[in-house]
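Chain residues, written in single-letter form:
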Amino acid sequence: MSTSLFVRRAVAAVAGTAVVAGGLMAVAPAAHAATPANPDDLSAAWLVDRLDAQNLFTYENFGMASTDVGLSIDLLLDLVERGKDAAVVTDIAAAVEGKASTYAAHETYSTTFDCATFTTVPSTTVDTYYANATAKALAGLKAANKSGATVDGLKAQLEHITIDGGPDAGRISDTTTQGGVSRPDCDYANVFGQAFAVRALDAVGSGKEDAALTYLLGQQNSDGSWNQDMRPVGGAQPAADPAADGTAIALLQLQQIQPSSGLLAPTAAAVAKAISWLLTNQAADGSFGATGLFGPNANETGLAGWALGKAGKIDAAARAAGWLAAHQSIKLTGCTSGLDAENGAVAYSDNAFATGQMSGITATAEGQWIRSTAAALPALAYLPTRTPSLTRFVDAGTSVSLPLQGAYAGQQVCVIALGASQRVTAPNQLKLAVPAGTADYPVTLVYAGGTATATLTALDAKKLKVSLKGKIKAKKNATVKVKGLAAGEAVTVKVGKKKSTATANANGVAKVKIKVTKKGKTTVKVVGQFPDRKGKATTRVV
């Protein structure tokens, strides 16, 4: 193994399943046949399109073309969760089987580099296992219902690297030695791998599941979160360093298992605490990661949203999905973007999305987009189904800001109106300069999964005609008739301190009921949809 490979293992151990923030270059994707409509289907199709001829993700990493089996397993698990693309799941699983011996490796080799510091040392022999990869590969293959020699070999290897007895009982470990000396400082097993190990051991019915589960539960912080790192073998428990992705991965795998009777209660308690921590630490906009190194991001938001959705916290999952949808490449007819060729891809962050909108997904960034889209995919399924619309009336001759009515937060809509188009992401508002003069303007709203049409009615200033039948009787309902309104226009009638509202009929007439108590001469004032549409009449209350 070279030093660069050691570095990649260290990065992967910290990153877990889906938290790498750096740019990566991907190879050209294959073609995908169908053109889906929903945001989660768009993301699934985009990811499947990027599988190479081996049915794995391959991209340039650290200046070299690298096949990422772990990221390919992420997609496999996503597709299993969706219950769709069974043929693709089968293809990826077969590819993972073919790469298992190198991805989930046990290696012995000579090197002149220290396995932790990477400084030059006299030539020594290193013996190591890839614990995280072993656990993830076995969990993925069992999720795809695979069995046979590869699965049996991974099971035996995972059981071998799951520590027996002592304070570290149940912990998975790379069991690295260098020069015949144990090197726990070269052990990259982390919470991600431990969580996958619990799931994998449960799936194969291993007698080591209870120990592995007990160890994972013991790594949970008192507030319900998990760190990314675990207690070093033979070392002290690290201080709490909560990670949304570590917590979400642990929670997701715990949601997949059937603990033994003695561990049912502690597992349920751990799940409840993890859910509570995620709910407490979700930002107002639905995202996760604001307090971490990289800020709000799709990897943490996607995993946390998925975990919350599986836990039945649908509103929280939908808010996470909304943040993801706001960072998704959605091709909308009428509103072109630099991301139109990447329909369905989800950006890692605000900055990545803004850069992509300007210049598309560059070769050096594509790997990051694949990773963040894979993390986001299951959570996007929790988006509500909404048809956006606009208010009907606008004030002629003014500049207006209109909300997207009925849209979910994060929904992207191309609004085509007044001879121009704007891409608006709810809850942002549409900005329009409305011409003077009363007129109707057709509007088209294009969004992922559909198109809606509407009419925007601009209303200019107008003197409204107000009439009553005789005098108003105090403490009795009186009818005020208002003419000159637009069909459907709201009108407010005010007599003294009393107000009443109504809506004009198809002929532009509104009949407003109002009850007045104070006797004497009074003025009836009416105001239509906008302040410059008004009228008045004088009458007496008797």
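Keep in mind that what you see is a predicted model, and the values were worked out from it rather than measured.

1. Section: the overall build of the chain
Argument step 1. Of regular secondary structure, the chain possesses 14 helices and 22 strands.
Argument step 2. Since a compact globule built from 542 residues should have a radius of gyration of about 24 Å, the 31 Å found for the chain marks it as more spread out than a globular shape.
Argument step 3. Long-range contacts, defined here as pairs at least 24 residues apart, represent 63% of the contacts in the chain between residues at least 6 apart.
Argument step 4. Looking at the chain as shown, the accessible area adds up to about 22800 Å², and 53% of this sits on carbon and sulfur atoms.
Argument step 5. Within the chain, the 41 negative side-chain charges are centred at a point lying 31 Å from the centre of the 50 positive side-chain charges.

2. Overview of the state of the cysteines
A covalent bond between the sulfur atoms of two cysteines is referred to as a disulfide.
Argument step 1. Counted under the stated rule, the structure contains two disulfides.
Argument step 2. Disulfide partner of Cys115: Cys186, at an S-S distance of 1.8 Å. Handedness of the Cys115-Cys186 disulfide follows from its S-S torsion of about 85°: it is right-handed. Here the residue Cys115 occupies a position in the loop between strand 4 (106-113) and strand 5 (120-129), and Cys186 occupies one in the loop between strand 7 (181-182) and helix 7 (191-203), the gap between them amounting to 71 residues. Grouping residues by exposure puts Cys115 and Cys186 together as buried.
Argument step 3. Taken in N- to C-terminal order, the disulfide-linked cysteines of the chain are connected 1-2, 3-4.

3. So, helix 6 (residues 149-160)
Argument step 1. Taking 1.5 Å of rise per residue, the twelve residues of helix 6 would be expected to cover 16 Å, and the 16 Å separating its terminal C-alpha atoms lies within 8% of that figure.
Argument step 2. Looking at helix 6, one finds that the buried residues are Val151, Leu154, Gln157 and Leu158. Buried residues in helix 6, looked at end-on, bunch into an arc of 130°, giving them a common side. Across helix 6 from its buried face, at more than 90 degrees, point the exposed residues Ala149 and His160.
Argument step 3. Elements in contact with the buried residues of helix 6: helix 4 (86-103), strand 4, strand 5, helix 5 (131-143) and helix 7.

Reading guide: rules and limits
- Residues numbered from 1 in each chain as written.
- Predicted model: local features only at pLDDT ≥ 70, side-chain atom pairs only at ≥ 80, totals over all residues.
- Heavy atoms only, no water.
- Helix = DSSP H or I, 4+ residues; strand = E, 2+ residues; numbered from the N terminus.
- Rg over C-alpha atoms; globule rule 2.2 N^0.38 Å.
- Contact = heavy atoms within 4.5 Å.
- Areas by Shrake-Rupley, 256 points an atom, 1.4 Å probe, with all protein chains shown as cover.
- Lys, Arg positive; Asp, Glu negative; His and termini not counted.
- Charge placed at Lys NZ, Arg CZ, Asp CG, Glu CD.
- Disulfide = S-S within 2.5 Å.
- Buried < 20%, exposed > 50% of the residue type's maximum accessible area, 1.4 Å probe, protein only.
- Expected span 1.5 Å × (residues − 1).
- Arc of directions from axis to C-beta.

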